[in-house]
Amino acid sequence: SILSVGVKPVNTYKKPDCPVDCSPKYETLLFSLLAVVVILIYADTLTTPFIFDDIANIRDNPHIRVTSLSLKNLIRAAFQSPESSRPVANISFALNYYFSGLNLVGFHLINILIHILGGIFLYFFVKTTLKTPVLRARFEKCDWVPFFTAFIWLVHPLQTQSVAYLVQRMNCQAAMFFILSMLFFVKFRLATGTRGKRRLLAGCILAGLLAVCTKPIAATLPVFIILYDWYFFQNLSFKWGKRHFLVLSGIFLFLIIISLIYLGDDPIVRILSDYRHRDFTLLQRVLTQFRVVIFYIGLLLWPQPSRLNLDHDFALSHSLTD
């Protein structure tokens, strides 16, 4: 009725103020706080000695003992180390040795720094995700969500092995590049300029390759990108899958090729050969793995200290009902 007489209605609704000041200075303060907390948590681990796989991959690995920076030395460290399928991690160990030798503090500090960077990338990833079509209307102003997501990620006790166990820098580093790739992807999807989109897509691909070359677990990245796009941008529409069938098939084929490169031309023999020196079979591992996954989900929700262990020993399952 107000519009019918030509009177402009007064909009009395006001969006709630952003609960957190999102200025770069304030974010820098938040990141500094996160870094200090992580450093305090892991300060006691700075002199933790080389153990288990640290010995073969770092302490007794002659290929990472780089005394002069050259492409030849870095390539040798990358591909002649025991874990030759993880060249990026091997190069990081070589650079560590170049700057500080086998000094434990130097190796641990880099692990902690990588973990902190992963948390910061996670902050920006969650912050950008809240701007996607599915969440924008409800959560774009909930700026406390990215901070507490990063905070929980950084201080969660389950991260201890990946940070304090030196060789498991492979986990931290792969996760850092994985999250960075996802961040570039969502920014690519939200970008409007053609030139900017190309750069973001290139960043997504590069970070993804670095993740895979740090640890093969990152090979799941294309699947997560597809699921992410399907949920946050396509609202779980099956029509989108039909329209992009060729692209999805290409990604699936790419994963198969990567798997064959990693496993060789006879993947079955390659997989089974790993069990010659183990005290359990492939079938027993598959049957046991379900319980392991459930246990780790439980640790995410309830990381009680008595349930944490560097080297868990699970009783083997010998049947589906065992």
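Only a predicted model underlies this, so the values are computations on that prediction, with no experimental measurement involved. (Residues numbered from 1 in each chain as written. Predicted model: local features only at pLDDT ≥ 70, side-chain atom pairs only at ≥ 80, totals over all residues. Heavy atoms only, no water.)

> How should I be thinking about the packing of aromatic side chains in this particular structure?
Aromatic ring pairs: the centre-centre distance and the angle between the two ring planes describe each pair. As enumerated under the stated definition, the model contains 19 aromatic pairs in all. Measuring from ring centre to ring centre gives 5.1 Å for phenylalanine 31 and tyrosine 123, while their planes differ by 85 degrees; the resulting arrangement is edge-to-face. Residue phenylalanine 31 is found in helix H1 (residues 24-42), and its partner tyrosine 123 is found in helix H5 (residues 104-129); the two are separated by 92 residues along the sequence. Tyrosine 123 shares its class with phenylalanine 31; the two are buried. Measuring from centroid to centroid gives 6.3 Å for phenylalanine 185 and phenylalanine 188, while their planes differ by 40 degrees, and the two rings are tilted. A residue pair is termed a helical-turn pair when its members lie 3 or 4 positions apart in one helix, as phenylalanine 185 and phenylalanine 188 do in helix H9 (residues 169-190) at three residues. (Phe/Tyr/Trp six-rings, centres within 6.5 Å; stacked < 30°, edge-to-face > 60°. Helix = DSSP H or I, 4+ residues; strand = E, 2+ residues; numbered from the N terminus. Buried < 20%, exposed > 50% of the residue type's maximum accessible area, 1.4 Å probe, protein only.)

> Got a minute to help me understand the packing of H5 against helix H7 (residues 144-155) in this structure?
For any two helices packed against each other, one specifies the inter-axial angle together with the distance between the axes. Their axes nearest at 8 Å, the elements H5 and H7 cross at an angle of 150 degrees. On the basis of the axis angle, H5 is roughly antiparallel to H7. In this structure, H5 crosses over H7, and the sense of that crossing is right-handed. Counted together, His115, Ile116, Gly118, Gly119, Leu122, Tyr123, Val126 and Lys127 of H5 and Val145, Pro146, Phe147, Thr149, Ala150, Trp153 and Leu154 of H7 form the full contact between these two elements. Tallied by class, the residues present in the contact of H5 with H7 amount to 10 nonpolar, four polar and one charged. (Axes fitted to C-alpha atoms, helices over the stretch in contact; angles between N-to-C directions. Parallel < 35°, antiparallel > 145°, perpendicular 65-115°, else oblique. Left-handed = near helix turned anticlockwise from the far one by under 90°. Contact = heavy atoms within 4.5 Å. Nonpolar A, V, L, I, M, F, W, Y, C, P; charged D, E, K, R; others polar.)

> I tried to follow H7 on my own but got confused; where do I start?
Residue pairs spaced three or four apart in an α-helix point in one direction, given the helix's 3.6 residues per turn. For H7, spanning 12 residues, the distance from its first C-alpha to its last is 17 Å, which sits close to the expected 16 Å at 1.5 Å a residue. Taken as a whole, H7 has its buried residues at Pro146, Phe147, Ala150 and Leu154. The arc enclosing the buried residues of H7, seen along the axis, measures out at 100 degrees, which places them on a common side. Residues of H7 that are buried make contact with H1 and H5. (Expected span 1.5 Å × (residues − 1). Arc of directions from axis to C-beta.)

> How should the pattern of salt bridges be read in this particular structure?
Two side chains bearing opposite charge may form a pair once their charged atoms approach each other closely. Throughout the structure, instances matching the rule amount to four salt bridges. Aspartate 60 is the partner of arginine 59 in a salt bridge, and the nearest nitrogen-oxygen pair spans 3.0 Å. The shortest N-O distance in the salt bridge between arginine 189 and aspartate 229 comes to 2.4 Å. Separated by 40 residues along the polypeptide, arginine 189 in helix H9 and aspartate 229 in helix H11 (residues 221-232) bring together distant segments of the chain. Here aspartate 229 falls in the buried class, since its relative accessible area comes to 6%. (Salt bridge = Lys/Arg side-chain N within 4 Å of Asp/Glu carboxyl O.)

> What am I meant to see in the packing of H1 against H7 here?
Two elements in contact, H1 and H7, have axes separated by 10 Å at closest approach and are oriented at 15 degrees. With respect to H7, the element H1 is oriented roughly parallel. Two packed elements cross with a definite hand, and for H1 against H7 that hand is right-handed. Here H1 contributes Leu30, Leu33, Leu34, Val37, Val38, Ile41 and Tyr42 to the contact with H7, which in turn contributes Phe147, Ala150, Phe151, Leu154 and Val155.

In short, geometric facts, not functional conclusions.
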